[in-house]
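Structural features, examined
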Amino acid sequence: MPVYADPTLPAVSDLAAEGVEILPLSDAPADALRVGLLNLMPLKEMTEADFIRLLAPAPFDISLTLVAPATHRSRNTTQEHIDRFYISPAEMLGRGDDPDGVIVTGAPVEALDFEAVDYWEELTAMMDTLRRRRIPTVYICWGALAALYHHYGIAKEMYTRKVSGVFPQFPTAEGHPLFRGMTPPFMVPNSRYSGVAEADIDATAGIDVAAKSPDSGVYMVSSTEAPEHYILGHSEYAPDTLDFEYHRDLDKGINPSIPANYYPDDDPRQKPVDRWHSHAVGLFTNWLATLKG
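Here's a quick rundown of the structure. The shown structure was predicted, so the numbers you read here are calculated from the model rather than taken from an experiment. (Residues numbered from 1 in each chain as written. Predicted model: local features only at pLDDT ≥ 70, side-chain atom pairs only at ≥ 80, totals over all residues. Heavy atoms only, no water.)

Describing the pattern of salt bridges
- In total, this model carries twelve salt bridges according to the counting rule given.
- Between Asp-97 and Arg-95 there is a salt bridge; the shortest N-O distance is 3.8 Å.
- For Asp-97, a relative accessible area of 32% corresponds to the partly exposed category.
- Residues joined in a network through salt bridges with shared partners are Lys-162, Glu-245, Arg-248 and Asp-249. (Salt bridge = Lys/Arg side-chain N within 4 Å of Asp/Glu carboxyl O. Buried < 20%, exposed > 50% of the residue type's maximum accessible area, 1.4 Å probe, protein only.)

Following this line, the structure appears as structure tokens:
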């Protein structure tokens, strides 16, 4: 199915070569699912393509609105791009036609206290509005950590080394709607310096661990009191994203670990193997199906 978005997005030509069709927002049918993407990642064009690539295979018409904090100025994406293609959270939620669902991405701000993030107040105001209006929301990586902290007071745990690689994930119970039709374990890319303790989730009313890994820890937490899911992984990553991050960190002198279960024979000279895309498509297709009711 096509995704209805701005057809002049820079990613459109690359996506078209992959068979992904982008049509103008103005052409979206009345019953299209309205999805807001709060893009907190620094390389916004890459993230736009990642999510359009995942949403397009779903058997639903999707109208995609790109959202970015008004209180933050990106150092990696031009302001011209943001002004042209994005609206603020307040604009998204103040138009009188609430989105059917919202995706909140990760952000490379793990080392900062949550309150030190320059758009924290804007983000938490949006989180509160989404919850008050019961708008289904998927929070990803740092976005998930931020939401768990804001809504439940769960502190993030900082790691001494980055969790980097593609790890098997196991559901904790049968019948979760986002895992419908999937055969576990399913593989998920991880790229983070922090996470949450499973014991903290278990001790908190209103949320449950939905899936986890013996290698990378808690993967997904789901709320039992709001239509929210918190994903500590990057199912949306393109095949070469971990490779890009690994070599970027090498160039910075960080001495990163080779991403686990990613390169054949753990050899970074070889082409990475994509073992997660079908799961990622299934995950987001299942989420979109919950929006349809």
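Past the structure itself, the notes keep going.
A short note on a nonpolar patch on the surface
- Residues Leu-43, Met-46 and Phe-244 make up a contiguous nonpolar surface patch of roughly 220 Å² in combined accessible area.
- Since its relative accessible area comes to 32%, Leu-43 is described here as partly exposed. (Patch = residues over 30% accessible without salt bridge, like charges linked within 9 Å, V, L, I, M, F, W, Y side chains within 5 Å. Areas by Shrake-Rupley, 256 points an atom, 1.4 Å probe, with all protein chains shown as cover.)

Quick notes on the environment of Thr-290
- Take Thr-290: it is sitting in helix 9 (residues 277-292).
- The exposure class of Thr-290 is partly exposed, given its relative accessible area of 35%.
- Residues Thr-290 and Tyr-86, 204 residues apart in the sequence, show an inter-C-alpha distance of 26 Å.
- Aside from chain neighbours lying at most four places away, what touches Thr-290 is Pro-177 and Leu-178.
- At 2.5 Å, the side chain of Thr-290 forms a polar contact with the backbone oxygen of Trp-287. (Helix = DSSP H or I, 4+ residues; strand = E, 2+ residues; numbered from the N terminus. Contact = heavy atoms within 4.5 Å. Polar contact = N/O pair within 3.5 Å; in protein donor to acceptor, adjacent residues only side chain to side chain.)

Overview of the layout of surface pockets
- Considered as a void within the structure, the largest pocket measures approximately 940 Å³ in volume.
- Contributing to the lining of the largest pocket are 38 residues, with Pro-42, Ala-107, Pro-108, Val-109 and Arg-248 lying nearest its centre.
- Put simply, the parts of the chain that give the lining of the largest pocket at least two residues each are helix 2 (44-55), strand 8 (186-195) and helix 8 (241-251).
- When residues in the lining of the largest pocket are grouped by element, the largest group, five residues, is from helix 8.
- Classifying every residue of the lining of the largest pocket by side-chain character gives 18 nonpolar, nine polar and eleven charged.
- Counted as a void, the second largest pocket has a volume near 270 Å³. (1 Å grid on protein atoms, 1.4 Å probe; cavity = no way out; pocket = protein on both sides within 12 Å on 5 of 7 lines; lining within 4 Å. Points joined across faces, edges and corners; volume = space filled by probe spheres on them. Nonpolar A, V, L, I, M, F, W, Y, C, P; charged D, E, K, R; others polar.)

What about a negative patch on the surface?
- A cluster of acidic residues, Glu-157, Asp-200, Asp-202 and Asp-208, forms a negative patch on the protein surface.
- Mapped onto the elements of the fold, Asp-200 is located in helix 7 (residues 198-202).
- Residue class for Asp-200 comes out partly exposed when judged on its relative accessible area of 35%. (Lys, Arg positive; Asp, Glu negative; His and termini not counted. Charge placed at Lys NZ, Arg CZ, Asp CG, Glu CD.)

Considerations on the packing of helix 2 against helix 9
- Here helix 2 crosses helix 9 at 75°, and the two axes come no closer than 8 Å. It follows that helix 2 is roughly perpendicular to helix 9 by the angle criterion. Mapping the contact onto sequence places Phe-51, Arg-53, Leu-54 and Leu-55 in helix 2 and His-277, Ala-280, Val-281, Phe-284 and Leu-288 in helix 9. (Axes fitted to C-alpha atoms, helices over the stretch in contact; angles between N-to-C directions. Parallel < 35°, antiparallel > 145°, perpendicular 65-115°, else oblique.)

Some details on the environment of Tyr-262
- Summarising the element assignment, Tyr-262 is placed in the loop between helix 8 and helix 9.
- A residue is classified by how much of its surface remains accessible, and Tyr-262, at 1% relative accessible area, is buried.
- Taking the C-alpha atoms as reference, Tyr-262 lies 30 Å from Asp-200; in sequence the two are 62 residues apart.
- Once residues within four sequence positions are removed from consideration, Tyr-262 is found in contact with Val-166, Pro-239, Asp-240, Thr-241, Leu-242, Asp-243, Pro-272, Val-273 and Trp-276.
- Polar contacts involving the side chain of Tyr-262 include one to the main-chain amide nitrogen of Asp-243, which spans 3.0 Å.

Interpretation in functional terms is not warranted from these geometric data alone.
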